[in-house]
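What the coordinates show
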Amino acid sequence: MDQPGSKPYCISKHLVLEAWERVKANKGAAGVDEETIQDFEGNLRGNLYRIWNRMSSGSYLPPPVRTVQIEKTGGGVRKLGIPTVSDRVAQMVVKMQLEPAVEPLFHADSYGYRPFKSAHDAVGRCRQRCWRYDWALDLDIKGFFDNLPWDLMMKAVCKHAKDPWVVLYIERWLKAPSQDEQGNLGPRNKGTPQGSVISPLLSNLFLHYGLDQWMAKHHQDAPFERYADDAIAHCRTRERAERLRDAIVARLAECGLEINLQKTKVVYCKDDDRRGSHEHEKFTFLGYEFRPRRAKNYKGKFFISFLPAISNKAAKKIRQEIRTWSVQKRSDKSITDLANMFNPVIRGWVHYYGKYYRSALYPALRPLDKTLVWWACRKYKKLRRHQRRAARWLQQIAERDPKLWAHWAIGAKVKISMGGAV
């Protein structure tokens, strides 16, 4: 009933509709055709029919991928590929068809872009293993998404894809040209665009064979956590960690990938029970910096443990974002209006970075209280040029309604020093 028998590929219209609903929920920017989610929805029935008709007939050809460059927090730029809305729907169709076949095969400690797994799960497992293992190997794969070899990738896809159209379209997406910000088309001979719908699944499938299975077979004594191309492995001794690093370098070279030796490091998970020192005693994983930190046991006694908390880079990015809001200049808004405007973003920060060692998040959010003091001084005549009085007024609001601002609920209250609000 879904399609006439003349179509060479049997693709359900319901699958295309569900794919659209997922793409719409994920939102995202327009591709090279500048068509937005809203534009696509304006002719939804016709657009979905066209995707189904072309995919079912084998005539679907992906348009170029719009490439933009975004700055990395550690310097440099990362290329992000943005497919068109129609192409994202088509990719979602293939992803939904292939994922059930490969998902059950993936390693338990592969956490990235998988159902019922999260970055918090990876960070939590890493925290536990840092308590049990003295040494950690912080791995960095150089340009993974840009350098993924097509031949090995397609070999893995062909092994698991039951439908020939899945293989056909994945190969076409891998070879689709890129279009830079000046509109110039560029050919591609390796890699998968970071930012496309199908890329996370392909990356997990590639590293399942390239790293996860190999680790499980040859290095069972070194458990690991992997989130996409970010991975941490754990070892009993420094020597074992160094041998593992060298083995992984050789293994990934066989798979056409390269380890960034400048960023890959062997880390000593130092705490009260681990004596001595090492060149590296901290690492960053998924926005959390793991290092020796003060903790309190169940008896209330303080000790030093190796724990994750928001990284300095992530905290700096939060402070930079807060500055772009220019809260102090929005004197036309009430404090409730401001809270409603920015709480969704703040809640996201609190939810993610407040999961572990929440107190480390306070300094990153306190500058918001500083701008609120300035906002109050600018909005109310009786508070002008009286920062201390404005801070006390704001403190009273925080105590009366601690849930008004999302960061107040975690204890980041207004404080005053001679230098002003902090």
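Note: the structure precedes this text.
This is a predicted model, so every value here is computed, not measured.

The rules behind the values
Residues numbered from 1 in each chain as written. Predicted model: local features only at pLDDT ≥ 70, side-chain atom pairs only at ≥ 80, totals over all residues. Heavy atoms only, no water. Helix = DSSP H or I, 4+ residues; strand = E, 2+ residues; numbered from the N terminus. Expected span 1.5 Å × (residues − 1). Buried < 20%, exposed > 50% of the residue type's maximum accessible area, 1.4 Å probe, protein only. Arc of directions from axis to C-beta. Contact = heavy atoms within 4.5 Å. Pairing = 2+ DSSP bridges. Axes fitted to C-alpha atoms, helices over the stretch in contact; angles between N-to-C directions. Core = buried A, V, L, I, M, F, W, Y, C linked by side-chain atoms within 4.5 Å.

1. Digging into helix H10 (residues 238-254)
Compared with an ideal rise of 1.5 Å per residue, which puts 17 residues at 24 Å, H10 spans 25 Å between its outermost C-alpha atoms and is within 8% of the ideal. All of the buried residues in H10 are Arg 240, Ala 241, Leu 244, Ile 248, Arg 251 and Leu 252. Angularly, the buried residues of H10 cover 95° about the axis, an arc narrow enough to put them on a single face. Of the surrounding secondary structure, the elements contacted by the buried residues of H10 are strand S3 (135-140), helix H9 (199-218), strand S7 (230-235) and strand S8 (265-268). Where H10 terminates, the next one or two residues include Gly 256, which has phi positive at roughly 80°.

2. Some remarks on the sheet that holds S8
One open sheet holds the 4 strands; their spatial order is S6-S7-S3-S8, and the pairing between them is antiparallel. Either end of the sheet is taken by a strand with one partner, and the two such strands are strand S6 (224-227) and S8. Going from strand to strand, the sheet's axes swing by 20° on average, the running direction of each strand aside. Alignment of S3 against S8, held across 4 bridges, turns out to be antiparallel. Bridging across to S8, Ala 136 finds its partner in Val 267.

3. Some thoughts on the nonpolar core
Ranked by size, the top nonpolar core spans 67 residues in total, and within it Met 55, Ile 170 and Ile 248 carry the most contacts. Setting aside chain neighbours within four positions, we find Ile 170 in contact with Val 94, Leu 98, Met 154, Val 157, Ile 198 and Leu 202. In terms of nonpolar packing, the next biggest core, distinct from the first, is built from 54 residues, Phe 283, Leu 361, Ala 391 and Trp 408 among them.

4. Some remarks on unusual backbone geometry
Backbone phi values are negative for most residues with the exception of glycine, while trans is the configuration of most peptide bonds. A positive phi angle, near 55°, is found at Tyr 113, a position not held by glycine. Mapping Tyr 113 onto the fold places it in the loop between helix H4 (85-102) and helix H5 (119-132). At Ser 326, a residue that is not glycine, the phi angle is positive and equals roughly 50°.

5. Side note on the environment of Ala 222
Within the secondary structure layout, Ala 222 lies in the loop between H9 and S6. Under the relative-accessibility criterion, Ala 222 is labelled buried at 3%. For the pair Ala 222 and His 234, spaced 12 residues apart in sequence, the C-alpha separation works out to 5.2 Å. Residues in contact with Ala 222, not counting those within four places in the same chain, are Met 215, His 234, Cys 235 and Leu 244.

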